[in-house]
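Below, each chain spelled out in residue letters.
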Amino acid sequence: EKNNTRCFKIIFKNGLIVCDLENNKYVIYKNNKILKKRKVKQKRNELFLKEMKSYVESVKKRKESKIPFFCGSKSVIIAEKILESSKKLKELKINV
């Protein structure tokens, strides 16, 4: 039986981000030292709802979104690679 987790790692040349979605926290490492350790106070769905509301307001007011398309598209690429990595159970390189 496959053991599901809601955690992922993003590995960089000199650093690492470890996200634990079950406990709403993340840790950023740089050169094997903890750079930042935070617990996210908002629930996951609240973040999605805030982003959606912000986007809808931008469209209504015909203003640029707070999150530019280019940044959003990078997030989608990273999320797709995380999903692919978890399915294949191996590390994948991301070029963004």
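Structure first, text after, so check above.
Residues numbered from 1 in each chain as written. Predicted model: local features only at pLDDT ≥ 70, side-chain atom pairs only at ≥ 80, totals over all residues. Heavy atoms only, no water.

Our focus in this paragraph is unusual backbone geometry. One non-glycine residue, N32, lies in positive phi territory at about 65°. Relative to the assigned elements, N32 resides in the loop between β3 (25-30) and β4 (33-39). You can call N32 exposed: its relative accessible area is 80%. Look at L89: it is not a glycine, yet its phi comes out positive at around 55°. The topology assignment puts L89 in the segment after α2 (69-88). On the basis of relative accessible area, L89 is assigned to the exposed category, the value being 70%. (Helix = DSSP H or I, 4+ residues; strand = E, 2+ residues; numbered from the N terminus. Buried < 20%, exposed > 50% of the residue type's maximum accessible area, 1.4 Å probe, protein only.)

Compared with an ideal rise of 1.5 Å per residue, which puts 20 residues at 28 Å, α2 spans 28 Å between its outermost C-alpha atoms and is within 8% of the ideal. Just past α2, the residue L89 takes up positive phi, approximately 55°. (Expected span 1.5 Å × (residues − 1).)

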